[in-house]
Amino acid sequence: MTDDPLKPEDLHVPANVTARRVVVDAAQWLAGAQRLRDQGAGLLTLWGTDDRDRDGVFRVFAALLLPDRVVVLEHALAGGSTAYPALGHLFPVADRLQRAMYDLLGLRADAGDCRPWLRHGGWPENIFPLRRDVGATQSYAIHAKPYPFVPVSGDGVHEIAVGPVHAGTIEPGHFRFSVVGEKVLRLEERLGYAHKGMAKRFDRMPLQEGHRLAARICGDSTVAFSWAYCAALESITETELPRRAAALRALALERERIANHLGDLGSLGNDAGLAFGLVQFSSLKEQLVRLNQDAFGQRYLFDYLLPGGVVIDLGARMIHSMLDEVAMLEQAVSSLRAIYDDHAGVQDRFRDAGLLSPELARAHGAIGLVGRASGIARDARIDLPWPPYDVLPPGRVLHSGGDVAARVQVRFDEIMDSLRLCRSLLQTLPEGPSLVPVPVAPSGRLGLGLIEGWRGPVLIALETAPDNRVGHCHAHDPSWQNWPLIEYAMIGNIVPDFPLINKSFNLAYSGHDG
Amino acid sequence: MFTILARIRRTGILSEPLPTSTVRDAPLEKLQRDLQSVFGRALRIRHVDAGSCNGCELEIHALSNPYYNLEGSGIAFVASPRHADVLLVTGPVSVNMEEALRRTYEAMPDPKWVLAVGDCSVCTGVFGVNYATRGRVADVIPVDAVVNGCPPTPLALLRGLLQITGHARPKVSSSAVQSDS
Ligand code: SF4
C-alpha cells in the first residue's frame, strides 16, 4: 500500500452503497484507520473470520463509515498470530467490539479493556465458538464468574444493581449504578444476555434462507436488517432489484420507522407522567400494524423481504387505504405534538434530562437518531442514497439539544418526513415486477448491505461459501455506538429518571448482543 | 387541558371484546369462568425475555393498548416474580439468561404457571441450539402452555393467557418437564 491507504490498491466491494476494500498489514491497519478518521470517518464495526482452512490465517475487518462511502480495512494476521492492533484510542466503540471479537473468535486487540463482553460463562474461556473447529450445535455447561464492575468509592456512595430481568416488558441487560443519594455518579452497563450465537447460526446456511435469520436479529428493525442482508446478497450476485420492489421495501422501512417512533413517543409520554400519550400513540401504532396485516399479510413485516424483492405486491385498494392512513396520521401526530409541546409537566421532565452534548456525541461517535438529536447530521439514506432514496431524498432532521426533549423532537420530525415519503412512494409506485430471481452466488465474495433503520445505520457484511451458502455473516446494529453514551448521559441525573432517559435512546439489546 | 379532553373525546373507546372462541379454544366463557374461579379477575403475569429478538415483546406491549385492553380483562403485568401467578417467557433461552430464568421461576410462589410465547420459546424457532442458546423454554423450566407464532399476534397471546387458567391446576413445584401441548 502506498501512503494513501485508500488508493491505489483498493478493491470494489459489492454493496447497495459505495464501498471499497483495502487489504492492509498491521501498520497500515492503524495508519489507515487514523487517516480515515481524519477524513471524517467513524468506525461502524469490527469482525473477524477464521480462514485457517483456506489459507491458514485469521482475518480482522474494520468497516468505516465516511460521509459518502464505506471503507473496509482487511487485515490477515500473519503467521497464525491472534493479535491485532487496537483501535479503541481512535474510536471508542472499538473497545466493546474488540472484547466481543475475543470472546467469539479468540483474536485479541493489543490494548484496551480485556474483560469478557458477550461470554458470561456459558462456554469455557479457552473455547472460541466462531472458530471452525467448534461444532455448529456444540453446547457447554455454565461456569459463571462474577463480572468485575469498576468500583466507585467515596463517602456515602452505594451501588444499585438492576437487571437482567427488569420490572417492565423489556429486553435483558444489566445496569450498575453508583449513586450518592439519588444522584448517579456512574453507570456501568453489562450487555450480552440476549446473545444467541447469530454468526455461528449463519455459518453455512443456504444464502437463499439467510434473510429469515437476519430479520430476527432485532425484531423491531426487521425490515432494516432483512433489507441489509438482501442488499448484500443481491450486490454479490449482481441482481438488479426492480424499482417497484425497491419502492415497496422503502415503504416497509418507513412504516417500521413510523411504528417504532409512535411506540416510543407513547412510552416517553407515559414515563413522564402523561398516560394519555401512551393511550393515543399506542392506538395509532396499532392501527398502522393492522394495516400492515391487511396489506402485507403480517403486522411486523418479519418475512416481507426476500432476496430479489418482496413477498406481496400492493394492490390499488391497499394503496388507497395507506394514503388515507398517511393523512390521518399527519393530522393526529401534529395535534399530539402540540399537546406534548404545550404540556408543562411533560416538558419539565424532558428538558435537560439525559443530556448528551454535541461535543461528547462527536467525540464518541454517536450515530443514527441519537446522533441527530445531538447535532450530528448523518443519515445514510441522504448521504449514501440507494434506490429508491436516490430519487426520493428524505428531509434532513437535526436537533442539537442532546436531551430527552431533543430525541423526542427528532422522532416527531422523522415521523412527519417518513409520512411524506410514504405518500410519495405510494403515489409514484413504479410499474414492473416486485420480485426477480437471484442467481447462484460466486463463492468467496464479500458484500455489504447498509440500511438506515429507525435507530440508525445497520450493516450486514456477508461472505459467500461454495454451494450457495453463507461463509460468514456479520451483523451490526447502531446500538453498539450509542449504548456507551447512555453511561455519560446518566451522570448527574437521578436514578428515577433512568427509565425515561433509557427509553429516549431506546437501544437494542438483541440487535447488539447478536 | 382542553385539547387533551377534546382528543380523548374524539378517540372514544377503542377496546374490543375479548377474542371469541376458535377451533383450538375451549369456549371462551368457560375459560373466563375458570379464570375467575381461580383468581377472581386478578391474574398477575411476570414476563421474562430469555433471549428473544424483541419481536414478541412488541406484541406483548400491544396487549396493553386500548384495542386489547388487557388490564380491562383483569390481567396485569407485575414487576416482581413474587407477585406473579404466570411466568410468560419469550425467546430461545440464551445461555446468558438461563440462570436468571431459573431464578425468576423459583422466586414465584406456588401455584404457578409458565406460558412459553413465540416459536423460539416453543420449538427454538430460527435459532436452534448452539453454544449460545439452550433452545426451548421447556428444556429449562416446566412449561404449562404455549403460544405459537413469530411473533404471535396479540389475539393469540390473549387466547393463550385465558387458556392457561383453564388447565388443570399445576403440580406444585414440579420439576418434571410437562407437555408443551
Ligand atoms: S418467536 Fe419470532 S418474534 Fe418472537 S423472539 Fe422468536 S424470532 Fe423473535
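Residues numbered from 1 in each chain as written. Chains lettered and ligands numbered in written order. Predicted model: local features only at pLDDT ≥ 70, side-chain atom pairs only at ≥ 80, totals over all residues. Heavy atoms only, no water.

Describing the overall build of chain B
Thought 1: If you tally the helices and strands in chain B, you get 6 helices and 7 strands.
Thought 2: If you list the helices and strands of chain B from N to C, you get α-α-β-α-β-β-β-α-β-α-β-β-α.
Thought 3: Residues classed as buried in chain B amount to 59% of the 181 residues present.
Thought 4: Put simply, 81% of the contacts in chain B that link residues at least 6 apart link residues at least 24 apart.
Thought 5: Accessible surface, chain B: about 7,400 Å² in total, of which carbon and sulfur atoms supply 54%. (Helix = DSSP H or I, 4+ residues; strand = E, 2+ residues; numbered from the N terminus. Buried < 20%, exposed > 50% of the residue type's maximum accessible area, 1.4 Å probe, protein only. Contact = heavy atoms within 4.5 Å. Areas by Shrake-Rupley, 256 points an atom, 1.4 Å probe, with all protein chains shown as cover.)

Topic: the sheet that holds strand 4 (residues 57–65) of chain A
Residues and elements named next belong to chain A.
Thought 1: If you trace the 5 strands from one edge of the open sheet to the other, you get 1-2-5-4-3, paired in mixed fashion. Edge positions in the sheet fall to strand 1 (11–12) and strand 3 (42–51), since each of these pairs with one other strand and no more.
Thought 2: In this sheet, strand 5 (residues 70–76) lies alongside strand 2 (residues 19–24) in parallel orientation, the contact comprising 6 bridges. Bridging across to strand 5, Arg21 finds its partner in Val72.
Thought 3: Sitting on the sheet, helix 1 (residues 26–38) touches strand 2, strand 3, strand 4 and strand 5, and the angle it makes with strand 5 is about 165°. (Pairing = 2+ DSSP bridges. Axes fitted to C-alpha atoms, helices over the stretch in contact; angles between N-to-C directions.)

Overview of the pattern of salt bridges
Thought 1: For the coordinates displayed, the defined rule picks out 46 salt bridges over all chains.
Thought 2: Close ionic contact of Glu188 of chain A with Arg115 of chain A constitutes a salt bridge, the shortest N to O distance being 2.8 Å. Pair noted here: Glu188 of chain A is in strand 10 (residues 183–190) and Arg115 of chain A is in the loop between strand 7 (108–109) and strand 8 (157–162), with a separation of 73 residues, a long-range link.
Thought 3: The salt bridge involving Glu99 of chain B is made with Arg103 of chain B; its shortest N-O contact spans 2.6 Å. (Salt bridge = Lys/Arg side-chain N within 4 Å of Asp/Glu carboxyl O.)

Some points on the packing of aromatic side chains
Residue and element names in this part refer to chain A.
Thought 1: Scanning the entire structure with this criterion turns up 18 aromatic pairs over all chains.
Thought 2: Aromatic pair Trp227 and Trp386: ring centres 6.0 Å apart, planes at 80°, arrangement edge-to-face. Highlighted residues: Trp227 in helix 6 (residues 222–236) and Trp386 in the loop between helix 13 (380–383) and helix 14 (404–427), separated in sequence by 159 residues.
Thought 3: Exposure remark for Trp386: the relative accessible area of 1% places this residue in the buried category.
Thought 4: Arranged with centres 6.1 Å apart and planes meeting at 55°, the rings of Phe281 and Phe412 form a pair that is tilted. Here Phe412 lies in helix 14 and Phe281 lies in helix 8 (residues 275–296), a separation of 131 residues in the sequence. Note on accessibility: Phe281 and Phe412 belong to one class, buried. (Phe/Tyr/Trp six-rings, centres within 6.5 Å; stacked < 30°, edge-to-face > 60°.)

Some thoughts on the site of the ligand
Thought 1: Residues in close proximity to the ligand total 13 residues, the closest being Cys53, Cys56, Asp119, Cys120 and Cys150 of chain B.
Thought 2: At the ligand, the nearby residues belong to more than one chain, namely chains A and B.
Thought 3: Residue assignment for the shell around the ligand shows that the elements contributing at least two residues are helix 3 (55–62) and helix 5 (119–123) of chain B. (Near = heavy atom within 4 Å.)

Some details on the environment of Phe177 of chain A
Thought 1: Residue position: Phe177 of chain A is located in strand 9 (residues 174–180).
Thought 2: Apart from the residues lying within four places of it in its own chain, the contact partners of Phe177 of chain A are His158, Glu159, Ile160, Val162, Val184, Arg186, Leu187, Met490 and Phe498 of chain A.

As for the interface of chain B and chain A
Thought 1: Counting from both sides, the interface comprises 51 residues of chain B and, opposite them, 58 residues of chain A.
Thought 2: Roughly 4,300 Å² of surface becomes buried between chain B and chain A when both sides are summed, with 59% attributable to carbon and sulfur atoms.
Thought 3: Considering only the side of chain B, the residues that lose the most area to chain A are Arg7, Asn96 and Tyr131 of chain B, jointly responsible for 19% of the buried surface there.
Thought 4: Applying the counting criterion to the chain B and chain A interface returns 1 salt bridge.
Thought 5: With a closest N to O distance of 2.6 Å, Glu59 of chain B and Arg299 of chain A form a salt bridge.
Thought 6: Remark: the boundary between chain B and chain A carries 25 residue pairs in polar contact (both at pLDDT 80 or more).
Thought 7: Elements with a contribution of two residues or more to the side of chain B that touches chain A: helix 1 (2–11), strand 1 (43–49), helix 3, helix 4 (95–107) and strand 6 (133–135) of chain B.
Thought 8: The dominant element in the side of chain B that touches chain A, judged by the number of residues it contributes, is helix 3 of chain B, at 7 residues. (Buried area = accessible area lost by both parts, 1.4 Å probe. Polar contact = N/O pair within 3.5 Å; in protein donor to acceptor, adjacent residues only side chain to side chain.)

Some words on the confidence of the model for chain B
Residue and element names in this part refer to chain B.
Thought 1: Here chain B averages 81 in pLDDT, while 77% of its residues score no lower than 70.
Thought 2: Averaged pLDDT values over the elements of chain B bottom out at 52 in helix 2 (residues 28–39) and peak at 97 in strand 4 (residues 93–94).
Thought 3: Within the model, pLDDT remains below 50 along residues 21–32, and this stretch shows 18 contacts once partners closer than five positions in the same chain are excluded.
Thought 4: Low pLDDT, under 50, characterises residues 167–181; the stretch is placed with 29 contacts to residues that sit more than four places away or in other chains.
Thought 5: Scored by ipTM, the complex comes to 0.94, with pTM at 0.93. (pLDDT = per-residue confidence, 0-100.)

With respect to the pairing of strand 13 (residues 446–452) of chain A
Residues and elements named next belong to chain A.
Thought 1: A large share of strand 13 lies buried, amounting to 7 of its 7 residues.
Thought 2: Going residue by residue along strand 13, you find Leu446, Leu448, Leu450 and Glu452 tucked away on one face and Gly447, Gly449 and Ile451 tucked away on the opposite face as well.
Thought 3: Here strand 13 pairs with strand 14 (residues 457–465) via 7 bridges, running antiparallel. Residue pairing for strand 14: Leu446 is matched across the bridge by Glu463.

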